[in-house]
Amino acid sequence: MINNIELERASLLTYLECPECGTIHNAGVVNTVCTNCASTLFAQYNLSTGISKDILTGRPATMWRYKEFLPVIDEKYIITLGEGFTPIIPVNNLKKFTGDNEVFWKDESGNPTGSFKARGISAAVSKAKELGIQTIAIPTAGNAGGALAAYAAAAGVKAIVYMPKQTPKVFKDECHLYGAELVEIDGSISDCGKLVNEHATINNWFQVSTLKEPYRLEGKKTMGYEIAEQFNWQLPDVIFYPTGGGTGLIGIWKAFDELEQLGWIGSKRPRMVAVQSESCDGIVKAFHAGQTVSEFTDGGFTIANGLRVPKPYADKVILKVLRQSNGNAITISDEEMSVAVKEIAKNEGLLMAPEGAALWQAYKKLKASNWIQPGEKVLLLNTGSGYKYLENIM
Ligand SMILES: *Cc1c(COP(=O)(O)O)cnc(C)c1O
Ligand SMILES: [Zn+2]
């Protein structure tokens, strides 16, 4: 039963806005990208209502503690498996590498289905359920497919997952176990995306491709809310993010804007660092070349499936965030990731996804080049569990 207080605290979603051309879209109906210019749509909320941080007291330790700033209007449609509010863990036994920086991991590995994809998918599936959608299709490099399969099972809707054949078996097995339909494609996530798009149009499936659907971004932005809350509303100086489609990077940045509008944080922002793999380094290249869009990269195999995105759909927005934040972008090789996974596991007791471990090497490099200054507080996002990658790492 929903009481009055709960009703007062329902979502403050107002409409969807295109950050490129400004077109407003009705959030009460099904949306994909901007109907005018095909950009990703950003959900907007009524944040001028003088809401106090105190509303968070006693809320559940999941991302839905920020439900006012999430898109589900009627709480009965929230599909939650306990995603979010993940721990922040300081680097302990590897301090010889961190000098006088305070370096922390935000460890997303404990999320349902073992990665932070659970956040975006929980938001997208919940909103799809509220809008009456029955079948959801997704192109995935691995983790998003497993997450969709699980949340679709919980929601009682059908999931159809398109995944590169080369993805490790565990990512395929979990889709089957959660009852999703799995389609294996000889190619990268971009090839999967093209086929999903064709088949979805014919069959009338709803697609939740990265940043071509507005609400996965909303789920992932909750990392930004948590970073602020868990650091007692004082943001770190630098945040490292393993960038595939860039949803989390864009989402965290969006969260900080919303929190400033709410008056919960000030105007200080962390410098954002995008970390990519060698086969998919389009953002790194475009960033250093001063370009506003990225080129297609070869998209070949990497042990970090989550980074196997030949060209992010929202590359313009990613590059804008990196520049606005005075951030940086850096490439890490598969060998370096593999070394980092082992180093962190042996010394810290954390078995990370290669995507997360890549940040450790990126941090060390940017510290060695003095881009990271003494005394700075640094946050590294371990986006997934290493347990799903044993086939890749060993
Ligand atoms: C998907 C994924 C990423 C990349 O996330 P984006 O938001 O698409 O940039 C990084 N790490 C892991 C483990 C992933 O599954
Ligand atoms: Zn537009």
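Residues numbered from 1 in each chain as written. Chains lettered and ligands numbered in written order. Predicted model: local features only at pLDDT ≥ 70, side-chain atom pairs only at ≥ 80, totals over all residues. Heavy atoms only, no water.

(A) Expanded view of the pairing of strand β10 (residues 238-242). Counting buried positions along β10 yields 5 of 5 residues, so the element is predominantly enclosed. Of the two faces of β10, both are covered, the one formed by Val238, Phe240 and Pro242 as well as the one formed by Ile239 and Tyr241. Of the pairings in the sheet, the one linking β10 to strand β11 (residues 271-277) comprises 5 bridges and is parallel in character. Across the sheet, the residue bridging to phenylalanine 240 is valine 273, located in β11. One crossover worth recording links β10 to the parallel β11 by way of helix α7 (residues 247-262), and it is right-handed. Here β10 runs beside strand β13 (residues 377-382); their pairing, made up of 3 bridges, is parallel. Note that in β13 the partner of phenylalanine 240 across the bridge is leucine 380. (Buried < 20%, exposed > 50% of the residue type's maximum accessible area, 1.4 Å probe, protein only. Helix = DSSP H or I, 4+ residues; strand = E, 2+ residues; numbered from the N terminus. Pairing = 2+ DSSP bridges. Right-handed = clockwise from strand over helix to strand, strands pointing away.)

(B) Layout of the packing of α7 against helix α9 (residues 315-324). In contact at an axis separation of 9 Å, α7 and α9 are set at 50 degrees when each is read in the N-to-C sense. Taken together, α7 and α9 sit at an angle that is classed as oblique. Crossing of α7 against α9: the hand is left-handed. Listed contacts from α9 to Leu249, Ile250 and Trp253 of α7 are Val317, Ile318, Val321, Leu322 and Gln324. Looking at side-chain class alone, the contact of α7 with α9 contains 7 nonpolar, 1 polar and no charged residues. (Axes fitted to C-alpha atoms, helices over the stretch in contact; angles between N-to-C directions. Parallel < 35°, antiparallel > 145°, perpendicular 65-115°, else oblique. Left-handed = near helix turned anticlockwise from the far one by under 90°. Contact = heavy atoms within 4.5 Å. Nonpolar A, V, L, I, M, F, W, Y, C, P; charged D, E, K, R; others polar.)

(C) Fine view of the coordination of the zinc ion (ligand 2). Surrounding the zinc ion (ligand 2) are the protein donor atoms Cys18 (SG), Cys21 (SG), Cys34 (SG) and Cys37 (SG), at 2.2 to 2.3 Å. Metal-centred angles of 100 to 117 degrees between the 4 donor atoms at the zinc ion (ligand 2) mark the site as tetrahedral. Mapped onto the polypeptide sequence, the residues donating to the zinc ion (ligand 2) form the spacing pattern C-x2-C-x12-C-x2-C. Classification of cysteine 21 as partly exposed rests on a relative accessible area of 34%. (Donors = N, O, S within 2.8 Å, 3.2 Å for Na, K, Ca; no water. Tetrahedral: all angles 85-135°; square planar, octahedral: opposite > 155°, others 65-115°.)

(D) Quick peek at the site of ligand 1. Of all residues adjacent to ligand 1, which total 16 residues, the nearest are Lys117, Tyr241, Gly244, Gly246 and Thr383. Separating an oxygen atom of ligand 1 from a side-chain N or O atom of asparagine 143 is a distance of 2.9 Å. Here an oxygen atom of ligand 1 and a backbone polar atom of glycine 246 are 2.6 Å apart. Taken by itself ligand 1 offers 380 Å² of open surface, and the protein chains cover 96% of this. When residues of the shell around ligand 1 are traced back to their parent elements, those giving at least two are β10 and α7. (Near = heavy atom within 4 Å. Polar contact = N/O pair within 3.5 Å; in protein donor to acceptor, adjacent residues only side chain to side chain. Areas by Shrake-Rupley, 256 points an atom, 1.4 Å probe, with all protein chains shown as cover.)

(E) Spatial organisation of the pattern of salt bridges. Summed over all chains, the structure comprises 26 salt bridges. Among the ionic pairs, lysine 67 bridges to glutamate 75, the shortest N-O distance being 3.2 Å. On the accessibility criterion, lysine 67 (9% relative accessible area) is buried. Glutamate 75 gets classed as partly exposed once you look at its relative accessible area, which sits at 27%. The partner of arginine 271 in a salt bridge is glutamate 376, and the shortest N-O contact between them spans 2.9 Å. With a gap of 105 residues between them, arginine 271 in strand β11 and glutamate 376 in the loop between α11 (354-368) and β13 connect regions that are remote in the sequence. Here the two residues arginine 271 and glutamate 376 agree in accessibility, since each one is buried. One continuous salt-bridge network, built from bridges that share partners, spans Lys106, Glu108, Arg119 and Glu226. (Salt bridge = Lys/Arg side-chain N within 4 Å of Asp/Glu carboxyl O.)

(F) Looking closely at the packing of aromatic side chains. By the definition in use, this model includes 11 aromatic pairs. Centroid distance phenylalanine 116 to tyrosine 241: 6.1 Å. Interplanar angle 50 degrees. Geometry classified as tilted. Placement of the pair is phenylalanine 116 in the loop between β5 (102-107) and α2 (117-130) and tyrosine 241 in strand β10, with a sequence separation of 125 residues. Within the aromatic cluster, the residues linked to one another by ring pairs are Tyr66, Phe69, Tyr225, Trp233 and Trp264. Here the basic side chain of lysine 364 rests over the ring of phenylalanine 97, its NZ or CZ set 4.2 Å away from the ring centre. (Phe/Tyr/Trp six-rings, centres within 6.5 Å; stacked < 30°, edge-to-face > 60°. Lys NZ or Arg CZ within 6 Å of the ring centre and 35° of its normal.)

(G) How the structure looks around the sheet that holds strand β3 (residues 42-45). With respect to topology, 3 strands assemble into an open sheet ordered β2-β1-β3, the strand pairing being antiparallel. Across the chains shown, the open sheet's two edge strands, defined by having one partner strand only, are β2 (24-25) and β3. Examined bridge by bridge, strand β1 (residues 13-17) and β3 share 4 bridges and lie antiparallel to one another. Note that in β3 the partner of leucine 16 across the bridge is alanine 43. Set on the sheet, helix α6 (residues 215-230) makes contact with β1 and β3; between it and β3 the angle comes to about 65 degrees.

(H) Geometry of the domain arrangement of the chain. The domain boundaries assigned to the chain delineate domain 1 (13-77), domain 2 (88-115 + 214-393) and domain 3 (117-207). Using C-alpha coordinates to define each centre, domain 1 is positioned 24 Å away from domain 2. Counting residues at the interface gives 25 residues for domain 1, matched by 22 residues for domain 2. Note on domain 1 versus domain 2: buried area summed over both sides is about 2100 Å², and carbon and sulfur give 65% of it. Taken together, the connections running from domain 1 to domain 2 amount to 3 salt bridges. Its salt-bridge partner being glutamate 20, residue lysine 320 comes within 3.7 Å of it at the nearest N-O pair. At the boundary of domain 1 and domain 2, one finds 7 residue pairs in polar contact (both at pLDDT 80 or more). Among the elements of the structure, β1 and β3 are those that each provide at least two residues to the side of domain 1 that touches domain 2. Per element, the largest residue contribution to the side of domain 1 that touches domain 2 is 3 residues, and it comes from β3. (Domains from an automatic or database assignment. Buried area = accessible area lost by both parts, 1.4 Å probe.)

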